[in-house]
Amino acid sequence: MNQYKPGMRLRSAVCTTEVVVIAVPALNVVLSCGGAPLLGEGETASSGVALDTAAAQGTLLGKRYTNESGELELLCVKPGAGSLAADGIALVVKGAKPLPSSD
Amino acid sequence: MNVMMLLEMAAQGFPERVAFVNGKESLTYQQLFDAAGRAAIHLRNSDCEHVAMLDVSSLALPIALFASAWAGKPFVPINYRLTDTEVDALLQRIQPAMLVTDDTRIASLPDMAAAALLERDAFVGLSIKEGAAAENDWTMDPDEIAVLLFTSGTTGAPKAAVLRHRHLVSYMFSAAEFGAAAADDVALVTVPPYHIAGVISVISSVYAGRRVVQLPNFNARAWLELARREKVTTAFLVPTMLAQIVRELEGQSSADLPHLSALSYGGGKMPGPVIERAMQLFPHTEFTQAYGLTETSSTICVLLPEDHRAAIESDKSAVRRRLTSVGRALPGVELQIRDNEGKVLAPGERGEIYVRGEQVSGEYVGRGSTLDAQGWFPTRDAGEMDEEGFLFLEGRADDVIVRGAENMSPGEIEDVLVRHPSVAEAGVVGVPDEHWGEAVAAVVVLKPGTDATAEELQNWVKRHLRSSRVPQLVRFATALPYNETGKLLRRTIRLDLADKISVEV
């Protein structure tokens, strides 16, 4: 069973980043930000964790982040200094499709 | 997932930007967020399970919509053109409900119409006053119901369409980009709150970070004045509104709206002459046509500005014809055309339009989901797709005329009729016929000061289409029946003609 579910809100242990889970793959993954696992509601960071400078490209408000297969999708609802990863592999911003507004 | 998370992001990304303007009143994104939170506390403290709104557009609309999402109580906008009796009947289906409305309705509605009644300004007042802010504790369950919308329906009693948070959020993801609006972008919104386009425009404007100017009661002159004064950059119109604007500008060479960079339209069939004239009057404006349904969280197809230009400039009839299409499917949306037996049809063949995608709900209160096992929703709209996926609407599936063994689209005949120099509006329906099963009948509104006989119009159709398309019956009328978004009510025409024919016999 995957511990993450769509709609779940997760926060970074090492920066101000917060994300909402939009989609998760069937197989279990470990999601992290700034090198440390993302925390769910009620979870606290283990002492001594700090932002890993190798995972500090930052997150952008309102961007959706996905993995290579596209099965995983996170929405950044609060930006921060860390960057997002799944099982240590960096997530990428989901490509925008610039369509003119129809409403 | 919850549409509230979209407002939370907007309040964080551009807190000081003005979100909604109505007359002299306005709300910034931070003020809207705070107001939704205070209103949510009020909703939670009441016994109501639904939040109904019976009103024109005002600042109460975005507050009530987001407060409902925050409080976890479905938002139910109701058509303010309905009578007290009709409103009461809808309210009884969503009890206990809190109703936000105006003073006149509070006085005229029956005592037990809603569990709680709140006047619009009082509702805004309690939401914007200073006080404790609410916790960000809205549910993130994607399956929670966000909105119930009574479909206006061209047939039968209203059905309550169910839109869950996952449908609305999915639509935003596929149709827009967060924070895409420039700081000086201004949207002019005239669609009423009880229409899916009115609900969606609130959410998509927030997601894009646009400033929205509300125009509660549309008329062409007020729309043009407001668009000039507020330097409006984008707007959405239903076809009847654009037709009125074009008429208001008669005799002028340009609409004189240099800031208006984008105009989108949808909600009904756009007459070819209206859009062609509009493109001349708005030479610097990009036109986008949207097609969608309440049950699909609004837009599923768009005809893009480049499609408009390519069609206008082309000398190939197959490309030129695309000006009358509703464009191609949005990313994440799939379309099929099927026949009565459910067989998927090839390009160019007419049938019923089916749609699939994460934004598609297809669910009604009391009926459950109408999606098939593979997730396809039968729209009841008839149409065809060309080789490149451009969708052409032919009206409701029930409106298709079957003459002999031939299926005919009333829209195709109407398109030809409105190109006659004397014809302002045309409605085509099938009427019972002993020999053919159904015969083609047309009701026509002539332009003021013009003249045309039935025979002349029959010859006109014969010249442009096959002879089987020629209306056997042509009646003249002073107006045609439309629903409030400009959709022609062919059922009303059919019933009306059936009465007249039986009287004449």
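Residues numbered from 1 in each chain as written. Chains lettered and ligands numbered in written order. Predicted model: local features only at pLDDT ≥ 70, side-chain atom pairs only at ≥ 80, totals over all residues.

A word on the overall build of chain B. When its secondary structure is counted, chain B shows 16 helices and 26 strands. Relative to the compact-globule value of 23 Å for 505 residues, chain B shows a C-alpha radius of gyration of 23 Å, a close match. By principal-axis analysis of the C-alpha atoms, chain B measures approximately 70 × 50 × 45 Å. Split into buried and exposed, the 505 residues of chain B put 49% on the buried side. (Helix = DSSP H or I, 4+ residues; strand = E, 2+ residues; numbered from the N terminus. Rg over C-alpha atoms; globule rule 2.2 N^0.38 Å. Buried ≥ 20, exposed ≤ 12 C-beta atoms within 10 Å, placed from the backbone.)

What follows covers the overall build of chain A. The number of helices and strands found in chain A is 0 helices and 9 strands. Shown N-terminal to C-terminal, the secondary structure of chain A runs as helices and strands in the order β-β-β-β-β-β-β-β-β. A compact globule built from 103 residues would reach a C-alpha radius of gyration of about 13 Å, and chain A, at 14 Å, matches this within 12%. Based on the C-alpha atoms only, the size of chain A along its principal axes is roughly 50 × 30 × 25 Å.

As a further point, take the environment of T53 of chain A. With respect to the element layout, T53 of chain A can be found in the loop between strand 4 (36-37) and strand 5 (64-66). Spatially, the C-alpha atom of T53 of chain A lies 23 Å from that of E68 of chain A, the residues being 15 residues apart in sequence.

This brings us to the pairing of strand 11 (residues 234-237) of chain B. Every other side chain in a regular strand lies on the same face of the sheet, so the side chains alternate between the two faces. Residue and element names in this part refer to chain B. Burial along strand 11 is two-sided: T234 and F236 facing one way and A235 and L237 facing the other are all buried. As paired strands, strand 9 (residues 186-189) and strand 11 are joined by 3 bridges and run parallel to one another. Note on strand 11: the bridge partner recorded for V189 is F236. Note that strand 11 and strand 12 (residues 262-266) share 4 bridges and pair parallel. For T234, the partnering residue across the bridge sits in strand 12 and is A262. (Pairing = 2+ DSSP bridges.)

This part is about the nonpolar core. All names here are of chain B. In terms of nonpolar packing, the biggest core is built from 160 residues, with A36, A52, I63 and A64 touching the most fellow members. By residue number, the principal contributor to this core is helix 3 (residues 60-71), which donates 10 residues. When residues no more than four places from it in sequence are discounted, the contact partners of A64 are A39, V51, M53, F75, V100 and F123. (Core = buried A, V, L, I, M, F, W, Y, C linked by C-beta atoms within 7 Å. Contact = placed C-beta atoms within 7 Å.)

Time to look at the interface of chain B and chain A. Opposite the 33 residues of chain B that make contact, chain A presents 18 residues. When contributions to the side of chain B that touches chain A are tallied by element, the ones reaching two or more residues are helix 1 (3-13), helix 7 (165-175), helix 8 (196-208), strand 11, strand 12, strand 13 (286-293) and strand 14 (298-303) of chain B. Of the residues contributing to the side of chain B that touches chain A, the split by class is 19 nonpolar, 10 polar and 4 charged. (Nonpolar A, V, L, I, M, F, W, Y, C, P; charged D, E, K, R; others polar.)

This brings us to the sheet that holds strand 16 (residues 334-338) of chain B. Residue and element names in this part refer to chain B. Within the open sheet, the 4 strands sit side by side as 16-17-20-21. Their pairing is antiparallel. Each having just a single partner strand, strand 16 and strand 21 (391-396) make up the two edges of the open sheet. Between one strand axis and the next, the sheet turns by 45 degrees as a mean value, whatever way the strands run. Pairing geometry for strand 17 (residues 351-356) and strand 20 (residues 377-385), over 4 bridges, is antiparallel. Residue pairing across strands places Y354 opposite P378, the latter belonging to strand 20. (Axes fitted to C-alpha atoms, helices over the stretch in contact; angles between N-to-C directions.)

For chain B, the mean per-residue pLDDT works out to 91, and 98% of the residues sit at or above 70. The complex prediction reports pTM at 0.87, with the ipTM value standing at 0.90. (pLDDT = per-residue confidence, 0-100.)

For the rest of this paragraph, the subject is unusual backbone geometry. Residues and elements named next belong to chain B. The peptide bond linking Q95 to P96 adopts the cis configuration, its omega dihedral lying at -10 degrees. Here P96 is to be found in the loop between helix 4 (84-91) and strand 5 (97-101). A positive phi angle, near 55 degrees, is found at D256, a position not held by glycine. With respect to the helices and strands, D256 occurs in the loop between helix 10 (239-248) and strand 12. Overall, D256 belongs to the partly exposed group, with 13 C-beta atoms counted inside 10 Å. The phi angle at S297 is positive, at roughly 55 degrees, despite the residue not being glycine. Structurally, S297 is set in the loop between strand 13 and strand 14. A tally of 31 C-beta atoms within 10 Å means that S297 is categorised as buried.

What follows concerns the environment of A11 of chain B. Residue and element names in this part refer to chain B. Examined against the element boundaries, A11 turns out to sit in helix 1. With 20 C-beta atoms counted inside 10 Å, the residue A11 sits in the buried group. Between the C-alpha atom of A11 and that of D34, which follows or precedes it by 23 residues, the distance is 9.2 Å. In contact with A11, other than residues within four places in its own chain, are Y29, Q30 and F33.

What follows covers the sheet that holds strand 25 (residues 437-446) of chain B. Residue and element names in this part refer to chain B. Pairing is mixed across the open sheet formed by 3 strands, whose spatial order is 24-25-26. The sheet terminates laterally at strand 24 (423-433) and strand 26 (473-476), the two strands that pair on one side only. Across this sheet, the average inter-strand angle for adjacent strands is 25 degrees, counted without regard to direction. Where strand 25 and strand 26 come together, 4 bridges link them in parallel fashion. Bridging across to strand 26, A442 finds its partner in V474. In the packing of helix 14 (residues 410-417) onto the sheet, contacts are made with strand 24 and strand 25, and the angle to strand 24 comes to roughly 145 degrees.

This part covers the domain arrangement of chain B. Residues and elements named next belong to chain B. Each assigned domain of chain B is listed with its residue range as follows: domain 1 (329-397) and domain 2 (400-504). Computed from C-alpha coordinates alone, the two centres of domain 1 and domain 2 are separated by 26 Å. Each partner contributes residues to the interface: domain 1 has 6 residues there, and domain 2 has 6 residues. In terms of residues, the side of domain 1 that touches domain 2 owes the most to one element, strand 21, which gives 3 residues. Looking at the side of domain 1 that touches domain 2, its residues break down into 3 nonpolar, 1 polar and 2 charged. (Domains from an automatic or database assignment.)

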